[in-house]
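Secondary and tertiary structure notes
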Amino acid sequence: MKTAVARSAMVSRDRLIAEGLIDALPEGVVLVDAADRVVAVNPPALALFPRLRPDMLLARGLRAPDALDCVARARASGRQERAIWLERVPVERYFELSAAPWTASGGARLIVLSLRDLTETRRVERMRVDFVANASHELRTPLASLLGFVETLQGPAREDAAARDRFLTIMGEQARRMTRLVDDLLSLSRIEQHLHLAPQTPVDMAGIVRHVVDTLTPLAQESGATIEAQTETAVVPGDRDELLRVAENLVENAIKYGVEGERSSRVEISLRVRGRQCVLMVRDHGPGVAPEHLPRLTERFYRADAGLSRAKGGTGLGLAIVKHIVARHRGRLAIESTLGEGSTFTVSLPLLPG
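Throughout this document, residue positions are counted from 1 along each chain, in the order its sequence is written. Note on the predicted model: pLDDT of at least 70 is required for a residue's local features to be given, and 80 or more for side-chain atom pairs to be given and counted; whole-chain, interface and lining totals, by contrast, use all residues. Hydrogens and water are ignored here; the side-chain numbers use all heavy atoms of the structure.

**Quick notes on the pattern of salt bridges**
Salt bridges, as used here, are contacts in which a Lys or Arg side-chain nitrogen is within 4 Å of a carboxyl oxygen on Asp or Glu. For the coordinates displayed, the defined rule picks out 14 salt bridges. R296 is paired through a salt bridge with E299; the nearest N and O atoms lie 3.0 Å apart. Exposure remark for E299: the relative accessible area of 34% places this residue in the partly exposed category. Shared partners join several salt bridges into a network, and the residues in it are E27, R82, E96 and R116. For each residue, the accessible area found with a 1.4 Å probe, counting protein chains only, is set against the maximum for its type, and the residue is called buried under 20%, exposed over 50%, and partly exposed in between.

Written as structure tokens, this is what we have:
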């Protein structure tokens, strides 16, 4: 009898007021009556759980035992209760539920459910923890090497001129490695701070390609590679230094990691205008990248071949920097690769209007 009274009390004015209030809220909100039936649900909650509908049992639309237990606890205790649970199907997602009792003006005893998707927050937290751990590891290795050589030079190799020269050379390499890492970390931080501000200065992309070819031709010759460039006139709104870094990183990677034998001694650069987009493509003919590595290549410190990357002086941050710069310029980065045939990196940027 009480359930019927509560439900009928919400049908008219109270129900309309409640629906209007929860529809104005940015978070997912669901009202549940004493019989665990959904009284009202707002659009954000429907976006999270599309099966939820008014007048249906909550358990049919929200199939999460932890969430249902939270509702039962709130009803029994008369206090706000919280629950966090993980759903693995169809993809892994974290949710938070807050359940609080509420008595409507008509006397109906309801439970107000507030729903939040914590997936992105958890992912960012995990990335931050991984980033600190990786950065610490990347710095700790060369630091340990430097300390070891310093102790050796102060002790057993104090009077050994040949060992001293060899150790000092290695120490210089390790110090330069740390310098590159710190520089890349600072660059990434600066780019992230201004990610929401799209630069608007006109930049000649053909001039950037010519500059990169001139700058990296000596490195290509040392590696036994040649650089071939084909360009069209293209002006984009951007930051010249950042776009120069994008082109340099992609071409330098193609030279360092895309050269393998005679067949793979060519790096191709193409700059084309397609519609309202400027498309920069950098292609190598090297060993390529396995498919399982492609989705993670732009992650910080991720390396398809960690040993080769360190041997080539890589910090594991180059493609992460490229991705963030392209995002700041409201562009897109695409990566294609086939084992044994090489890799193609494509950057699409909007052209300068007019």
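**Remarks on empty space enclosed by the protein**
Lining residues are defined by having an atom within 4 Å of a point belonging to a cavity or pocket. Those points lie on a 1 Å grid over the protein atoms alone, cavities being sets where a 1.4 Å probe fits but cannot get out and pockets being open sets with protein on both sides within 12 Å along at least five of seven lines. Grid points are joined across faces, edges and corners, and a volume is the space filled by probe spheres set on the points. Enumeration over the complete set of coordinates arrives at 2 cavities of 30 Å³ or more. Taken as a whole, the second largest cavity holds about 30 Å³ of empty space. Lining of the second largest cavity is provided by V209, V212, A247, V251, I269, L280 and V282. Mapped by element, the contributors of at least two residues to the lining of the second largest cavity are α8 (205-222), α9 (240-257) and β10 (277-284). Residue polarity follows a fixed list, in which Ala, Val, Leu, Ile, Met, Phe, Trp, Tyr, Cys and Pro are nonpolar, Asp, Glu, Lys and Arg are charged, and the others, Gly among them, are polar. When grouped by side-chain class, the residues that make up the lining of the second largest cavity number 7 nonpolar, no polar and no charged. Each helix is a run of H or I in the DSSP string that is no shorter than four residues. Each strand is a run of E no shorter than two, and both are numbered from the N terminus.

**Things to note about the environment of L185**
Counting through the fold element by element, L185 comes out in helix α7 (residues 161-193). Judged by relative accessible area, L185 falls into the buried class, the value being 19%. Distance in space between the C-alpha atoms of L185 and L317 is 7.7 Å, their sequence separation being 132 residues. Residue contacts follow a heavy-atom distance rule, with two residues in contact if any of their heavy atoms lie within 4.5 Å. What L185 contacts, discounting residues up to four positions off in sequence, is F131, A135, F301 and L317.

**Quick word on unusual backbone geometry**
A positive phi angle, near 75 degrees, is found at D55, a position not held by glycine. Mapped onto the fold, D55 is located in the loop between α3 (43-48) and α4 (58-61). One non-glycine residue, R330, lies in the positive phi region at around 60 degrees. Mapped onto the elements of the fold, R330 is located in the loop between α11 (318-328) and β11 (332-338). The partly exposed category is assigned to R330, whose relative accessible area is 43%.

**A short note on α11**
Judged by how many residues are buried, α11 sits mostly within the fold: 8 of 11 residues are covered. Every buried residue belonging to α11 is among L319, A320, I321, V322, H324, I325, V326 and R328, and all of these are buried. Looking at the buried residues of α11, the elements they touch are α7, α9, β11 and β12 (342-350). Just past α11, the residue R330 takes up positive phi, approximately 60 degrees.

**A few points about the side chain of S270**
Relative to the helices and strands, S270 resides in strand β9 (residues 266-274). Excluding its chain neighbours within four sequence positions, the residues that come into contact with S270 are Q230, V279, L280 and M281.

**Quick word on the packing of aromatic side chains**
Think of it this way: a Phe, Tyr or Trp ring, Trp meaning its six-membered ring, pairs with another when their centres are within 6.5 Å, and the plane angle makes it stacked under 30 degrees, edge-to-face over 60, tilted otherwise. Tallied over the entire structure, the rule returns 4 aromatic pairs. Considering the side-chain rings of F49 and F95, the 4.9 Å spacing of their centres and the 45 degrees angle between planes classify their relative orientation as tilted. Residue F49 is located in the loop between α3 and α4, and its partner F95 is located in strand β4 (residues 93-103); the two are separated by 46 residues in the primary sequence. By relative accessible area, F49 is classed as buried at 5%. One aromatic cluster is present, formed by F49, W85 and F95 through successive ring pairs.

**Points about the sheet that holds strand β7 (residues 226-230)**
Whether two strands pair comes down to DSSP finding at least two bridges between them. The sheet built from 5 strands is open, its strands ordered β7-β9-β10-β12-β11 with mixed pairing. Because the sheet does not close on itself, it has two edges, and the strands there are β7 and β11. Taking each pair of neighbouring strands and ignoring which way they run, the sheet shows an average axis angle of 15 degrees. In this analysis, axes come from line fits to C-alpha atoms, helices being fitted only over the stretch in contact, and the angle between any two N-to-C directions falls in the range 0 to 180 degrees. With respect to the sheet, α8 is in contact with β7, β9, β10 and β12, its orientation differing from that of β7 by roughly 170 degrees. Its contacts with the sheet place α9 against β7, β9, β10 and β12, and it is angled at close to 25 degrees to β10.

**A word on the sheet that holds strand β2 (residues 38-41)**
Taken in spatial order, the 5 strands line up as β2-β1-β5-β4-β3 in an open sheet, and their pairing is antiparallel. Edge strands, defined here as strands with exactly one partner in the open sheet, are β2 and β3 (81-87). Strand-to-strand twist across the sheet, computed as the mean angle between neighbouring axes with direction ignored, equals 25 degrees. Pairing geometry for strand β1 (residues 28-32) and β2, over 3 bridges, is antiparallel. Note on β2: the bridge partner recorded for V30 is V41. Sheet contacts for helix α5 (residues 65-77): β1, β3, β4 and β5 (109-117); angle to β3, the most-contacted strand, approximately 175 degrees.

**So, the confidence of the model for the protein**
Detail in the predicted coordinates should be disregarded across regions flagged by low pLDDT. As a per-residue measure, pLDDT reflects the predictor's confidence and takes values from 0 up to 100. In this model, the protein carries a mean pLDDT of 84, and residues with pLDDT of at least 70 account for 90%. Taken as a whole, residues 1-7 scores under 50 in pLDDT and shows 5 contacts with residues more than four places along the chain or in a different chain.

**Describing the layout of surface pockets**
Of the volumes computed, that of the second largest pocket is approximately 560 Å³. Forming the walls of the second largest pocket are 18 residues, and the residues nearest its centre are M127, R128, D130, E299 and R300. Secondary structure elements with two or more residues in the lining of the second largest pocket: α6 (119-154) and α11. Of all the elements, α6 adds the most residues to the lining of the second largest pocket, at 8 residues. Tallied by class, the residues present in the lining of the second largest pocket amount to 6 nonpolar, 3 polar and 9 charged.

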